[in-house]
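Coordinate analysis (summary)
One-letter residues, chain by chain:
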Amino acid sequence: MAKALLLVIFIWVLLIGFVSCQRPKFVNIGAVFTFDSVIGRAARPAIEAAVSDINRDTRILNGTELRLFTQDAKCNVFLGSIGAFQILEKQVVAIIGPQSSGIAHMISEIANGLQVPLVSYAATDPTLSALQFPFFLRTTQSDSNQMAAMADLIDFYGWKQVIAIYVDDDAGRNGVAALDDQLERKCEIMDLLKQSKLLGPRVYVVHVNPDPRLRIFTSVQKLQMMNDNYVWLATDWLSTTIDSFSQMNQTSLGALQGVVGLRQHIPESSEKKSFLSRWRVMQQKGSASSELNTYGLQAYDTVWAVAYAIDRFIYEFRNITFSSNDKLNGMKTSELRLDQLKVFNNGSNLRNKILQTNFTGLSGHIQFNHDQNIESGGYDVINIEHVSIHIVGYWSNVSGFSLLPPETHQGDQTNSSRVDQKLQKITWPGGKIERPRGWVIADNERPLRIGVPYRASFVDFATKVNKSHKIEGYCIDVFLEARKLVPYDVPYRFELFGNGRFNPNYNELIRMVAADVFDAAVGDIAIVTNRTKIVDFSQPYAATGLVIVAPVRNSKSSAWVFLKPFTVEMWCVTAASFVMIAVVIWVLEHRVNDDFRGPPRKQIVTMFMFSFSTLFKANQETTVSPLGRMVMVIWLFLLMVITASYTASLTSILTVQQLSSPITGIESLIASNWPIGYQVGSFAYGYLSESLYIPPSRLVSLKSPVEYEKALRLGPNNGGVAAIVDELPYVELFLTNQTFSHHTQEWCLMGCLISL
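Residues numbered from 1 in each chain as written. Predicted model: local features only at pLDDT ≥ 70, side-chain atom pairs only at ≥ 80, totals over all residues. Heavy atoms only, no water.

Note the threshold: UniProt positions are given in the numbering used here, feature names are shortened, and annotations may be inferred rather than shown by experiment.
The protein chain goes by Glutamate receptor in an unreviewed UniProt entry, where it is assigned to Hevea brasiliensis. In its Function (unreviewed entry) section, the UniProt entry covering the protein chain states "Glutamate-gated receptor that probably acts as non-selective cation channel."

Structure (structure tokens):
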């Protein structure tokens, strides 16, 4: 009986071990993408071929079948999300796709909630970051790499301005359906291109979705914008579209003569050549309806990357389990059945296994970086000439532009020198090989109308030369020097604003720029808050701000100047100190020191002579008592401090010109109720009356530096002003041109600048 019981226990243990070690019979994965699209027509057969190859390969998954469930997103975010829910009901462990960045944003949120890795081979939006979407992984290059290559290409040829043509909506890459709708509106494309002809730049960067009809370039040809004045650069959407063309459709490349584009670099390999041969067989059998493009190769490799990760996951964890989500329980709908969605218990572990992927596939080396994107493999730079595609060079983030493929630079240090970067000769639109200038004056372009204030005073900044049409001045010189830095021609003409007899109203000049009466304005125009709300300003090239210029009094020297270092109170305290020291020393010394004895008159004289003689160190009497000597030490120290302070103050009075003014700041000026001068046309009037609430009756308009000087000399009590509030450049120019040597009055003009 005991033997039978032991036999039963042994069999039970064997069965438990067998069950725990048994691998699952199948594993489900899903794929969401748009079947009928340039990328989808290549991706679908590639994904199916990868699943078939994996299930036939005994070296991977070890008998576990890989099952594929697909859903058509139909270029729609909503339908793509519905398809993702339907696939997740199948308890898939990973989702391949989608190809659209807009759909990827939505599905990534779902993948995060159910902890199912989402591995995309075509969503290139850089904002699909690992921080926000931890379960989103990318087996294609991010647009951040592609835009770095495009920026380098623009810089390589020295173009400073480009016009970008891209599809966009309010949500920013919100869905391919809305983007395709915009591309369908040919009239909008034509209007957009017509408006761009009014601009100076002729370098266009086109970043749209793959379009087999090449509608943008068809419109470009109709508008005659494919001549040698233009440059057309395209991101990899164009190479993807062209690579999907059959040989019969290659004739449509005639519309792309001279276009330069980027294509994700795929290294040549025997595996790639073998798959291309297999693809042609698939086309003959009807299982593939499109030519193979880059995204098709990456879709194939994506399935293998997921399969390798699943194989390592099963080897480590054995079982694949799902659990219910409490938040979804009870949510019953007619179609979606959200309560049946399960959370992949070890989804984060499978995600980590995918991130550890390291193998060489059809599209090159597959390895993820810290951003959960594959390492950049670089780009081919292609040029379309005579209905054929030529590779004119390569770009990588290590070597920049090179004539050698990126894999030949592995291990090299980053090359940032433009001298070492090279590309082959490029045929540009119009058939020329010389680098286009990238900027022209459009047929209907008019010169820029630049308003210049025609001042009556302070003409050093900008004015019209007498008896000529020439305009000159400091501001004009700055404008002309800045124009030299622009690498293309900017036609312009100066138009005077004002009559030259009175200073113009600068606020009105600003309003005319905002109203498109002038295209710009050049002159001594202050940057004020209310002006910045309607126009844009350049960086300031002169110190600005309101300051006060006021008359100051020159204090003349007198015979009693030696009394000025100390106040009356200080003189009294000093004299009292001498008397007190005399009394204290007499009290301490007259009993023990013969010098302080004698008749009362003699003692009084000795007492005060001793105290005052310490100033000159000429006292003949000496102290005998210890307390007397201690008092003398303290007194001599205090006397040294008083003497040094007096000497320094008197020296300053005798050597430095003493200036004084009743105006010490804006507060004292406001409180004085005196008249205040301002320059006609300056914003100072509005600031003083509206911001500082100074009554307009106190404000006196002044037209010229001559009136400035006259008003300040008359003063507030004789029909002049107490001070003038004006902009710093005008005040500095006014003070520079003043000559004070001819004025002998007690009041003279001095520069008293007080910032507001």
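Further notes follow.
Some details on the overall build of the protein chain
As a reminder of what qualifies: Put simply, DSSP H or I for four residues or longer makes a helix, DSSP E for two residues or longer makes a strand, and each gets a number counted from the N terminus. Exposure is judged per residue with a 1.4 Å probe applied to protein chains only, and the accessible area is read against the type maximum: over 50% gives exposed, under 20% gives buried, and values in between give partly exposed. Residue contacts are defined here by distance: any two heavy atoms, one from each residue, within 4.5 Å place the two residues in contact. Exposure was quantified through the Shrake-Rupley algorithm and a 1.4 Å probe, taking into account, for residues, occlusion by the shown protein chains and nothing else.
For the protein chain, the helix and strand inventory stands at 22 helices and 29 strands. Counting all 756 residues of the protein chain, 46% fall into the buried class. Pairs at least 24 residues apart make up 69% of the contacts formed inside the protein chain by residues separated by at least 6 positions. As presented, the protein chain carries roughly 39,500 Å² of accessible surface, and 56% of it is formed by carbon and sulfur atoms.

Digging into the pattern of salt bridges
Put simply, the rule reads: Salt bridges are counted wherever a side-chain nitrogen of Lys or Arg sits within 4 Å of a carboxyl oxygen of Asp or Glu.
The full count for this structure, using the stated rule, is 20 salt bridges. Among the ionic pairs, aspartate 211 bridges to arginine 215, the shortest N-O distance being 2.9 Å. Classification of arginine 215 as buried rests on a relative accessible area of 9%. In this structure, glutamate 268 engages lysine 272 in a salt bridge whose closest nitrogen and oxygen atoms are separated by 3.4 Å. We classify lysine 272 as buried; its relative accessible area is 12%.

A few points about the packing of helix 2 (residues 38-56) against helix 10 (residues 270-285)
Working note: a packed helix pair is described by the angle between its axes plus the distance between those axes. Applied cut-off: Whenever a helix is involved, its axis is fitted only over the stretch in contact; in every case the axis is a line through C-alpha atoms, and angles between N-to-C directions fall within 0 to 180 degrees. Geometric relationships in this document are graded by angle, where less than 35 degrees denotes roughly parallel, more than 145 denotes roughly antiparallel, 65 to 115 denotes roughly perpendicular, and other angles denote oblique. Take the far helix as the reference: if the near one is turned anticlockwise from it by less than a right angle, the crossing is left-handed, and if turned clockwise, right-handed. Each residue is assigned to one of three groups, with Ala, Val, Leu, Ile, Met, Phe, Trp, Tyr, Cys and Pro labelled nonpolar, Asp, Glu, Lys and Arg labelled charged, and all others, Gly among them, labelled polar.
With their axes 12 Å apart at the nearest point, helix 2 and helix 10 run at an angle of 110° to one another. Put simply, helix 2 runs roughly perpendicular to helix 10. Classified by chirality, the crossing of helix 10 by helix 2 is right-handed. On helix 10, the residues touching Ala42, Pro45, Ala46, Ala49, Asp53 and Arg56 of helix 2 are Phe275, Arg278, Trp279 and Met282. A per-class count over the contact of helix 2 with helix 10 returns seven nonpolar, no polar and three charged.

So, the environment of arginine 138
The cut-off we apply is this: N or O atoms closer than or at 3.5 Å make up a polar contact, with two conditions inside protein: a donor-capable atom paired with an acceptor-capable one, and, for residues adjacent in sequence, both atoms drawn from side chains.
By the element assignment, arginine 138 lies in strand 5 (residues 136-138). Residue arginine 138 is classed as buried on the basis of its relative accessible area of 1%. When the C-alpha positions of arginine 138 and asparagine 373 are compared, they lie 4.8 Å apart, and in sequence the two are 235 residues distant. Leave out the neighbours within four places in its chain, and arginine 138 touches Ser120, Ala123, Thr124, Asp125, Pro126, Leu128, Phe368, Gln372, Asn373 and Ile374. Engagement of the side chain of arginine 138 in a polar contact is seen with the backbone oxygen of alanine 123, the distance being 2.8 Å. Of note is the side chain of arginine 138, whose polar atom sits 3.0 Å from the side chain of asparagine 373.

Description of the sheet that holds strand 2 (residues 65-72)
Put simply, the rule is: Criterion used throughout: strands pair if DSSP finds at least two bridges between them.
The five strands lie next to each other as 2-1-3-4-5, forming an open sheet whose pairing is parallel. A strand with exactly one partner marks an edge of an open sheet, and here the two such strands are strand 2 and strand 5. Contacts from helix 2 reach strand 1 (26-33), strand 2 and strand 3 (95-96), with the element oriented near 165° to strand 2. Of the strands in this sheet, strand 1, strand 4 (118-120) and strand 5 touch helix 4 (residues 101-114), which is tilted by about 155° from strand 4.

A closer look at helix 8 (residues 215-222)
Turn by turn, an α-helix covers 3.6 residues, leaving residues three or four places apart pointing in a common direction. Along helix 8, the residues classified as buried are Arg215, Ile216, Phe217, Ser219 and Val220. Of the residues trailing helix 8, glutamine 224 is marked for its positive phi of about 55°.

Digging into the environment of leucine 688
Summarising the element assignment, leucine 688 is placed in helix 20 (residues 684-691). Owing to a relative accessible area of 0%, leucine 688 belongs among the buried residues under this scheme. Residues within four places of leucine 688 in sequence aside, it is in contact with Ile676, Tyr693, Ile694, Leu699 and Val725.

Topic: the nonpolar core
The criterion, for reference: Nonpolar cores are built from buried Ala, Val, Leu, Ile, Met, Phe, Trp, Tyr and Cys residues. Side-chain atoms within 4.5 Å join them into one set.
In this structure, Leu66, Tyr121 and Ile310 are the most contacted members of the largest nonpolar core, which totals 74 residues. Ranked by residues supplied to this core, first place goes to helix 11 (residues 294-317) with 13 residues. For isoleucine 310, the contacting residues outside a window of four places in its chain are Val27, Ile29, Leu61, Leu66, Val93 and Leu350. Ile471, Ala711, Val721 and Ile724 belong to the second-largest nonpolar core, a separate cluster that totals 32 residues.

What to know about the sheet that holds strand 21 (residues 520-521)
Strand order in the open sheet formed by three strands is 20-17-21, with parallel pairing between adjacent strands. Edge positions in the open sheet fall to strand 20 (492-497) and strand 21, since each of these has one partner strand only. Contacts from helix 13 (residues 474-484) reach strand 17 (448-453) and strand 20 within the one sheet, and its direction differs from that of strand 20 by about 165°.

Thoughts on unusual backbone geometry
With omega at 0°, the peptide bond leading from glycine 97 into proline 98 counts as cis. Looking at where proline 98 falls in the secondary structure, it is placed in the loop between strand 3 and helix 4.

Concerning helix 22 (residues 728-736)
Within helix 22, seven of the nine residues are buried, which leaves the element mostly enclosed by the surrounding structure. Along helix 22, the residues that are buried comprise Leu728, Pro729, Tyr730, Val731, Leu733, Phe734 and Leu735.

So, the confidence of the model for the protein chain
What counts, and what does not: Per residue, pLDDT captures the predictor's confidence, and it can take any value from 0 to 100.
In this model, the protein chain carries an average pLDDT of 81, and 84% of its residues clear a pLDDT of 70 or more. Every residue in residues 13-20 scores below 50 in pLDDT, and together they form one contact with partners more than four places removed in sequence or on other chains. Under a pLDDT of 50 for its full length, residues 169-186 has, in the predicted model, 33 contacts with residues more than four places off or in other chains.

Remarks on the packing of helix 2 against helix 11
Remark: helix 2 packs on helix 11, axes separated minimally by 8 Å, with the N-to-C direction vectors making an angle of 35°. Where helix 2 crosses over helix 11, the handedness of that crossing is right-handed. Counting all contacts with helix 2, which are made through Ile39, Ala42, Ala43, Ala46, Ile47, Ala49, Ala50, Val51, Asp53 and Ile54, the residues of helix 11 involved are Tyr295, Gly296, Ala299, Tyr300, Val303, Trp304 and Ala307. Within the contact of helix 2 with helix 11, the residues separate by chemical class into 15 nonpolar, one polar and one charged.

Some thoughts on the pairing of strand 8 (residues 231-234)
Counted only if it meets this: The path from the first strand over the helix to the second decides the hand: if it runs clockwise while the strands point away from the viewer, the crossover is right-handed.
Judged by which residues are buried, strand 8 turns out to be covered on both faces: Val231 and Leu233 on one side and Trp232 and Ala234 on the other are all buried. Where strand 7 (residues 203-207) and strand 8 come together, four bridges link them in parallel fashion. Bridge pairing in strand 8 places valine 203 opposite valine 231. On the question of chirality, the crossover connecting strand 7 to the parallel strand 8 by way of helix 8 is right-handed. Bridge count between strand 8 and strand 9 (residues 260-264): two bridges; the pairing is parallel. Residue pairing across strands places leucine 233 opposite valine 260, the latter belonging to strand 9.

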